[in-house]
Amino acid sequence: MTAITKITSNKIFGGTQKVFAHDSKELGCSMRFAIFIPPQCDQGKAPVIYWLSGLECTEANCIQKSGIQRHAAEHGVIIVCPDTSPRGLNLPGEKDSWDFGEGAGFYLDATEAPWNKNYRMYSYVTSELIDVVNANFPVIPGKQSIMGHSMGGHGALVCALKNPTLYKSVSAFAPICNPSQGAWGKKALEGYLGPQSKGLWSQWDATELVKSFKGDPMELFIDQGTADQFLSQLLPENLINTCKDTQMPTILKMREGYDHSYYYIATFIGEHVAYHAQHLCN
Ligand SMILES: N[C@@H](CCC(=O)N[C@@H](CS)C(=O)NCC(=O)O)C(=O)O
């Protein structure tokens with residue numbers, strides 16, 4: 001069994017919010033993840049929703065700011081929140097900017113040195129972390145969904161689009177929708193994958209993945225505040241138009257006056273947990 005070390009444990013809404021550390025093989029460093037165990041697990045196993053946070057976040061942002069535990073306790077689902085990048089590697093330039101390197105792993109598998117050995121958040125989230133969670137907690141294996149915010153909303157879409165049967169449902173708050181076209185995305189894709197001419201960007205861009213998607217249509221639940229200060233980075237219209245062109249089903253919720261922050265997420269996260277619970281519990 002994978003060795004995990006408990007960092008904190010707090011009772012909340014009848015369940016328990018815990019944080020663990022473990023040595024990640026994919027990332028080559030110690031990683032933290034947060035896990036909420038709902039009260040229903042006193043009686044048995046539960047499905048899991050994975051939450052991927054945005055730029056500058058750690059495993060702590062969602063559990064401290066979104067109020068997700070209240071809804072997870074109501075629906076009897078486990079919530080797992082990983083960190084957003086490897087930590088403590090001291091790679092050159094890793095801490096130089098807030099939108100690249102530490103805190104900005106972009107949930108992809110890097111191919112460019114020096115990032116390609118450790119910046120493998122995609123494999124971590126879609127494989128290693130699932131194994132660690134399944135081995136240590138009362139989860140129903142295979143009953144998992146994924147959601148996230150901003151960089152993590154994009155990560156959730158990419159993880160689901162690349163693995164059409166791995167997750168029962170996917171949703172995203174204010175996701176970066178077309179990273180090849182926005183400044184945050186271009187910087188990350190160039191740094192981790194090399195220049196666009198190498199041809200790798202389209203494998204890690206949700207809008208491009210919808211264009212090349214082959215499986216059964218997968219519903220994408222996209223949530224977006226109309227007062228989001230980063231709309232020019234996120235480009236939801238590119239994803240939505242591509243979904244229309246390719247008959248990929250979407251639920252698009254535009255939230256009047258809401259910005260990019262966790263105040264916005266906290267307001268609507270209950271709807272997302274209910275949406276995933278419906279897919280996971282049927
Ligand atoms: N530092 C950036 C903003 C970074 C940002 O908004 N990060 C979002 C995700 S993209 C977040 O969740 N921040 C952490 C928080 O609000 O708790 C800026 O100054 O423009």
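Residues numbered from 1 in each chain as written. Predicted model: local features only at pLDDT ≥ 70, side-chain atom pairs only at ≥ 80, totals over all residues. Heavy atoms only, no water.

Asks: Looking at this structure, how should I read the overall build of the protein?
Replies: Summing up its helical and strand segments, the protein has nine helices and nine strands in all. The C-alpha extent of the protein, read off along each of the three principal axes, is 55 × 40 × 35 Å. Considering only residue pairs separated by 6 or more positions, the protein has 72% of its internal contacts joining residues 24 or more positions apart. Here the protein has roughly 11300 Å² of accessible surface; of this, 48% comes from carbon and sulfur atoms. Computed over 23 positive and 27 negative side-chain charges, the separation of the two mean positions in the protein equals 5 Å. (Helix = DSSP H or I, 4+ residues; strand = E, 2+ residues; numbered from the N terminus. Contact = heavy atoms within 4.5 Å. Areas by Shrake-Rupley, 256 points an atom, 1.4 Å probe, with all protein chains shown as cover. Lys, Arg positive; Asp, Glu negative; His and termini not counted. Charge placed at Lys NZ, Arg CZ, Asp CG, Glu CD.)

Asks: What's the story with the sheet that holds strand E6 (residues 139–149) in this structure? I'm lost.
Replies: Hydrogen bonds between backbone groups are what pair the strands of a sheet, and the pairing can be parallel or antiparallel. Within the open sheet, the nine strands sit side by side as E1-E2-E3-E5-E4-E6-E7-E8-E9. Their pairing is mixed. Every other strand in the sheet has two partners, leaving strand E1 (4–12) and strand E9 (250–255) as the edge strands with one partner each. For this sheet, the mean angle separating the axes of adjacent strands, direction not counted, is 20 degrees. The pairing of E1 with strand E2 (residues 15–24) spans eight bridges and is antiparallel. Across the sheet, the residue bridging to threonine 5 is alanine 21, located in E2. Packed on one face of the sheet, helix H4 (residues 151–162) meets strand E4 (46–52), E6, strand E7 (170–173) and strand E8 (220–225) and runs near 135 degrees to E6. With respect to the sheet, helix H8 (residues 236–246) is in contact with E8 and E9, its orientation differing from that of E8 by roughly 150 degrees. (Pairing = 2+ DSSP bridges. Axes fitted to C-alpha atoms, helices over the stretch in contact; angles between N-to-C directions.)

Asks: Would you take a moment to explain the site of the ligand for this structure?
Replies: In the vicinity of the ligand, the contacting residues are Gly54, Leu55, Glu56, Cys57, Asn61, Lys65, Trp98, His149, Ser150, Phe230, His260 and Tyr262. Interatomic distance of 2.8 Å between a side-chain N/O atom of glutamate 56 and a nitrogen atom of the ligand. Here asparagine 61 contributes a side-chain N or O atom positioned 2.8 Å from an oxygen atom of the ligand. Protein contact buries 72% of the 510 Å² of open area that the ligand shows by itself. (Near = heavy atom within 4 Å. Polar contact = N/O pair within 3.5 Å; in protein donor to acceptor, adjacent residues only side chain to side chain.)

Asks: Looking at this structure, I do not really get the UniProt feature "active site" (unreviewed entry) in the protein. What am I missing?
Replies: In this numbering, the UniProt entry assigns the feature "active site" (unreviewed entry) to Ser150, Asp228 and His260. Spanning 111 residues, the named residues form one tight spatial group whose C-alpha atoms are at most 10.8 Å apart. Take serine 150: it is sitting in the loop between E6 and H4. Not counting residues up to four positions away in its chain, the partners in contact with serine 150 are Gly54, Phe173, Ala174, Pro175, Ile176, Trp184, Leu234 and His260. With respect to the element layout, histidine 260 can be found in the loop between E9 and helix H9 (262–281). In this structure histidine 260 comes out as buried when scored by relative accessible area, which is 8%. Not counting chain neighbours up to four residues away, the residues in contact with histidine 260 comprise His149, Ser150, Ala174, Asp228, Gln229, Phe230 and Leu234. (UniProt positions renumbered as here; feature names shortened; annotations may be inferred. Buried < 20%, exposed > 50% of the residue type's maximum accessible area, 1.4 Å probe, protein only.)

Asks: Hey, could you run me through helix H5 (residues 183–193) in this one?
Replies: For an α-helix the count is 3.6 residues per turn, leaving residues at separations of three or four pointing the same way. By the burial criterion, the buried members of H5 are Trp184, Gly185, Ala188, Leu189, Tyr192 and Leu193. Down the axis of H5, the sector holding all buried residues measures 115 degrees, keeping them to one side. Lining the buried residues of H5 we find helix H7 (231–234). Glycine 194 occupies a position one or two residues after H5 and carries a positive phi of about 90 degrees. (Arc of directions from axis to C-beta.)

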